[in-house]
Amino acid sequence: MHDAIHATPGELSKQAMLIDGQWVSSLEDEWIAVENPATRQAFALVPRARSADVDRAVKAAGTAFSRWKMTSAAERGRLLYRIADAMEAAKEDLAKMISRENGNALRTQSRGEAALAAEVFRYVAGLARELKGHSMYLQPETLDYTRREPYGVVGAIIPWNAPLVLAALKVAPALMTGNTMVLKASEEAPLAVLAMSKICADHLPAGVLNTITGYGAECGAAIAEHPMIPKISFTGSTAVGRSILAAASQRVAAVTLELGGKSAQIVFPDVDCDFVTEGVITAMRFSRQGQSCTAGSRLFVHESIADRLIDRLSSRLSAMRVGDPLDESSDAGSLVNEKQFRRVCGFVQEAIERKPEALLLGGMPPVQGPLSKGYFFEPTLFFDLPEDVRMTREEVFGPVLSIATWKHEDEVIERANASHYGLAAFVWSRAGAPALRVAHALDVGWVLINQGGGQSIGHSYGGMKQSGAGREFSLEGMLASFTDLKQVSVSLGDQGFEKL
Ligand code: NAD
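Along each chain, residues carry numbers from 1 onward, in the same order as the chain's sequence is written. Only residues with pLDDT of at least 70 get local features here, since the model is predicted, and only at 80 or more are side-chain atom pairs given and counted; chain-wide, interface and lining totals rely on the full set of residues. Excluded from the side-chain calculations are hydrogens and water; all other atoms, namely the structure's heavy atoms, are used.

*Asks:* Hey, could you run me through the pairing of strand 7 (residues 142–150) in this one?
*Replies:* The two faces of the sheet receive side chains in turn, since in a regular strand these alternate between them. Paired strands, as defined in this entry, are two strands with at least two bridges between them according to DSSP. Labels follow the DSSP assignment, with helices taken as runs of H or I lasting at least four residues and strands as runs of E lasting at least two, numbered in each case from the N terminus. Relative to strand 7, strand 6 (residues 135–136) is paired through two bridges, and the arrangement is antiparallel. Across the sheet, residue S135 finds its bridge partner in strand 7, namely Y145. Counting the residues in the hairpin turn of strand 6 and strand 7 gives five residues.

Next comes the structure, spelled out in structure tokens:
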């Protein structure tokens, strides 16, 4: 791999970033340390790109665009297939890289993520012949049709929680539709994304994909504000999403936002408790330490089965193995960094202080033993917290589930909808009609009924309310998010000349 710019013994290896087909450091030659959250030790450095670096990446992408957009869609698809195959071949290395930089467990998370990222390229490659517009019959002597055209340079900004798959979900559709890209990896998890970019660069013309690393306030903001970027695709927190939207509004750039969530799980009384226990644990993303935008972190259980379900949840979660992300026996790894660790501690501390008896399992993290060496946090359950305790409303992004009971369907729908977020929701019920009734009444972008898993490729996934705007995972999402629509209206009349 491209890897180190230089690394003498005892130094952290320096990983370069990709601009115009070259592996480069930042213009100021400044670096950001990448920490292994399971050990709290830095193990690599990546460039600290600032606005001047963003500018050279955008210029490279702008230059590459004029040729890339003229490449046939079929050819772009062929290149993406090659990238998919190379990603597939490298997936174990990529998975280990993810686990090392963001703390996700290799067996339960990172392997699946690396495999899925390869599949994203393969799926999108197969859409090459779907870049279609429409033609309209308006009058006999006119031809009216639409064209799906690329925007130009797409600016993409991603978080750390599923870095590889989120990068793939932006790179593949943006490039497939003829755009070029400046991608900013998260400063917390840039290494697997740089490795993926190396694979892409092996198959793409220089400048088509430029991957840079840097802090949000200086590198991400420079992308959001750049006058030569007509389209921003952002995945991250709602707070930063708002600032992206504000920056883009100055030049009326197009924006797609995939933001935070506080998703509800609603359990009806007719369910099989063992089945739903497993489902609730999956939906809460406990094996990702709850660090998922779609985590079902508000559990509403019908009062008639609450005791039974809580018992099963507690005993199942107590048996969950939290430990070294690279250890095959670990079900869950560590939180991503100290900031996130302190944040989760803050939520839990507040809840314990407000109502100590609400804590059913877990609680503050261990201060002794092997888990205290990293940012580990064990599965934590709270029951019946007052609704003004922050964790019942705000996104914790940790393995913390707050449980409440409900009695009437209308009441639980109202409580589930009482959130400024609207990303996902989970409904557990054997009866079809109530489940569908609730699904239709929830103000969220994605409802899962009797399943707790993650998004599938091809889903039209995205958020309502402050959880986002736009969709990206599907064919429709690709066309809507990465192409602009042009109407062409042609007169077929004789234009004053006699017909031959
Ligand atoms: P974040 O918003 O702090 O950072 C996301 C990215 O934005 C990073 O690359 C960061 O460097 C950059 N950034 C930060 N400040 C910026 C600024 N002022 N201008 C431009 N860019 C800036 O989020 P995070 O902590 O990395 O990720 C967790 C969040 O992401 C959670 O809220 C989670 O729900 C959300 N998320 C959403 C989805 C989704 O599909 N809806 C998927 C994954 C994560």
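Next comes the rest of the write-up.
*Asks:* Would you explain the sheet that holds strand 23 (residues 483–491) in this entry?
*Replies:* By definition, the strands of a sheet pair up through backbone hydrogen bonds, in either a parallel or an antiparallel sense. Strands sit in the order 6-7-23 across an open sheet of three strands; the sheet is antiparallel. A strand with exactly one partner marks an edge of an open sheet, and here the two such strands are strand 6 and strand 23. Where helix 14 (residues 475–482) meets the sheet, it contacts strand 7 and strand 23, and its direction lies at approximately 75 degrees from that of strand 23. Contacts were defined at the residue level, with two residues in contact if any of their heavy atoms lie within 4.5 Å. Lines fitted to the C-alpha atoms define the axes, with helices restricted to the stretch that makes contact. Angles between their N-to-C directions range from 0 to 180 degrees.

*Asks:* Just to check I follow, could you spell out the site of the ligand for this structure?
*Replies:* Put simply, a residue is near a molecule or strand once any heavy atom of it comes within 4 Å of that molecule or strand. Close to the ligand lie 27 residues, the nearest being I158, E187, S237, L259 and E395. Pairs of N or O atoms are called polar contacts if they sit within 3.5 Å, as long as, within protein, a hydrogen donor faces a hydrogen acceptor (for residues adjacent in sequence, only side-chain-to-side-chain pairs). K184 places a side-chain nitrogen or oxygen 2.8 Å from an oxygen atom of the ligand. Residue A221 places a main-chain N or O atom 3.4 Å away from a nitrogen atom belonging to the ligand. In the complex, 88% of the free accessible area of the ligand, which totals 850 Å², lies under the protein chains. When residues of the shell around the ligand are traced back to their parent elements, those giving at least two are helix 7 (216–225), strand 11 (231–235) and helix 8 (238–249). Gly is put with the polar residues, along with every residue not named as nonpolar or charged; the nonpolar set is Ala, Val, Leu, Ile, Met, Phe, Trp, Tyr, Cys and Pro, and the charged set is Asp, Glu, Lys and Arg. When its residues are assigned to classes, the shell around the ligand shows 14 nonpolar, nine polar and four charged. Per-residue accessibility takes into account occlusion by the displayed protein chains alone, with areas from the Shrake-Rupley method and a 1.4 Å probe.

*Asks:* Even after reading the chapter, I still don't get the packing of aromatic side chains, so can you show me in this structure?
*Replies:* Geometry of an aromatic ring pair is reported as the spacing of the ring centres plus the angle between the planes. Under the pairing criterion, centres of Phe, Tyr and Trp rings, with the six-membered ring standing for Trp, must be within 6.5 Å; the plane angle then separates stacked pairs below 30 degrees from edge-to-face pairs above 60, leaving the rest tilted. Scanning all chains against the criterion turns up seven aromatic pairs. On the numbers, 6.1 Å between centres and 75 degrees between planes, the contact of F275 with W428 is edge-to-face. Of this pair, F275 sits in helix 9 (residues 273–283) while W428 sits in strand 19 (residues 424–428), placing them 153 residues apart in sequence. The cut-offs for exposure are 20% and 50% of the maximum accessible area for each residue type, with area from a 1.4 Å probe on protein chains only; residues under the lower value are buried, those over the upper are exposed, and the others partly exposed. With a relative accessible area of 46%, F275 lands in the partly exposed category. Through a chain of ring-to-ring contacts, three or more aromatic side chains come together here, namely F341, Y375 and F377. Above the plane of the ring of F341 lies R40, whose end atom (NZ or CZ) is 5.4 Å from the centre. Lying over the aromatic face of F482, K231 brings its terminal NZ or CZ to 5.7 Å of the ring centre. Both a distance and an angle decide whether a charge sits over a ring: NZ of Lys or CZ of Arg must be within 6 Å of the ring centre and within 35 degrees of the ring normal.

*Asks:* Explanation requested: the sheet that holds strand 17 (residues 400–406) in the structure shown.
*Replies:* Reading across the sheet, the seven strands line up as 15-16-17-14-13-19-20 and stay open at both edges, with mixed pairing between neighbours. The open sheet terminates on both sides in strands that have one partner only, identified here as strand 15 (359–361) and strand 20 (446–449). Between one strand and the next, the sheet's axes are offset by a mean angle of 25 degrees, whatever the strand orientation. Note: strand 13 (residues 264–267) against strand 19, four bridges, orientation parallel. Bridge pairing links V267 to W428 in strand 19. The sheet strands contacting helix 9 are strand 13, strand 14 (298–302), strand 17 and strand 19, and the helix crosses strand 19 at an angle near 175 degrees. Relative to the sheet, helix 11 (residues 338–354) contacts strand 15, strand 16 (380–383) and strand 17, its axis offset from that of strand 16 by approximately 35 degrees.

Taken by themselves, the reported measurements are silent on function.
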